[in-house]
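# Descriptive analysis of the structure
Residues per chain, in single letters:
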Amino acid sequence: MAAGKTKVRAPKPLVAGNWKMNGLRGAKKEINALAKKLNKLDRLPCDVLICPPTPTLALLVETAKGSKVRIGGQDCHPQVSGAHTGDVSAEMLKDVGAKYVIVGHSERRADHEETNALVAQKAAAGHRAGLISIVCVGETEAERDAGKTLSVITAQLKGSLGDTFDPKNTVIAYEPVWAIGTGRTPTTAEVGQVHTHIRKRLVARYGEQGNGYRVLYGGSVKPANAEELMAAPNVNGALVGGASLTAEDFYGIISAYL
Ligand code: PEP
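Okay, so let's go over this structure.

Criteria and cut-off values
Residues numbered from 1 in each chain as written. Predicted model: local features only at pLDDT ≥ 70, side-chain atom pairs only at ≥ 80, totals over all residues. Heavy atoms only, no water. Buried < 20%, exposed > 50% of the residue type's maximum accessible area, 1.4 Å probe, protein only. Helix = DSSP H or I, 4+ residues; strand = E, 2+ residues; numbered from the N terminus. Pairing = 2+ DSSP bridges. Right-handed = clockwise from strand over helix to strand, strands pointing away. Polar contact = N/O pair within 3.5 Å; in protein donor to acceptor, adjacent residues only side chain to side chain. Contact = heavy atoms within 4.5 Å. Salt bridge = Lys/Arg side-chain N within 4 Å of Asp/Glu carboxyl O.

## Some points on the pairing of strand β3 (residues 69–73)
In terms of residue burial, β3 counts as a mostly covered element, since four of its five residues are buried. Alignment of strand β2 (residues 47–51) against β3, held across three bridges, turns out to be parallel. Counted as the bridge partner of I50 is I71 from β3. Remark: the β2/helix α2 (residues 54–64)/β3 crossover connection has right-handed handedness. Handedness of the β-α-β unit built from β3, helix α3 (residues 90–95) and strand β4 (residues 100–103) comes out right-handed.

Encoded structure:
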């Protein structure tokens, strides 16, 4: 290693569940069941996170207390407080015990016309509140078919990340839009190609620190395909939708690291 360079260790994987608009208070039984399964392990080689809808977040933080399960939000407003009906600030998430916040999920980019610039502001709001921001990027099927996957990802990373971001406060999630909730996934080689591209962009922007970012794959991850997808180069965990709703399936995905 050249003098003056600090070697960055491979990041600890993160397996994160995005419950989207699913689950009432009774869903705490899934957190309890998951916590129980994780408790039996001597060592957990990955971090585990569930991001429930906002109304159940405080309850599930209490449910998960003392366990290896962390709880996070699915979105936040860039500002601390104010006249923004229906929105939630990063400080509010932090106040009830969230550790992470997802920003720029493709469903929010599509349903709420969120731009890269807004996503960057939301991620920075997460940092301001002391949360780890999970920044999502991913191409649509039309973009992939047009051979634009890597250029789309490059542009999303450029616009959605800020110069003050670092591997401790930010996680990247690569989620091809066409793989979300469809049961379709890219091949392991395709996942590896995009993740390696993301890693190179991170190193180009942040120097050696770029190697410290966790880059998650998301899109139809299931217990049956998790091991293969997680083994692709530069994949440091998963962002999971449907299969995170039950403790059994989610634990099946976590098992890729056990
Ligand atoms: C998601 O929406 O983040 C996701 C990856 O969903 P699913 O696992 O259901 O494809």
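From this point, the discussion proceeds with the structure in view.
## Side note on the side chain of E139
Secondary-structure assignment places E139 in the loop between β5 (132–137) and α6 (141–145). A polar contact of 3.0 Å, which involves the side chain of E139, links it to the side chain of W178. Beyond its immediate stretch of four places on either side in the chain, E139 contacts R144, T149, V152, I153, Y174, E175, P176, V177 and W178.

## Some points on unusual backbone geometry
For K20, which is not glycine, the phi torsion reads 50° and is therefore positive. Here K20 shows up in the loop between β1 (14–18) and α1 (28–39). Phi angles above zero are rare outside glycine, and N234 is one such case at about 65°.

## Describing the pattern of salt bridges
Taken as a whole, this structure holds 14 salt bridges when the rule is applied. Between D75 and R108 there is a salt bridge, with the nearest N and O atoms lying 3.2 Å from each other. Placement of the pair is D75 in the loop between β3 and α3 and R108 in helix α4 (residues 106–111), with a sequence separation of 33 residues. Taken together, the shared-partner salt bridges in this structure form one network comprising D75, R108, E114 and K122.

## Here's the deal with the environment of G26
Mapping G26 onto the fold places it in the loop between β1 and α1. With a relative accessible area of 52%, G26 lands in the exposed category. Along the primary structure G26 and T56 are separated by 30 residues, whereas in three dimensions their C-alpha atoms are 9.4 Å apart.

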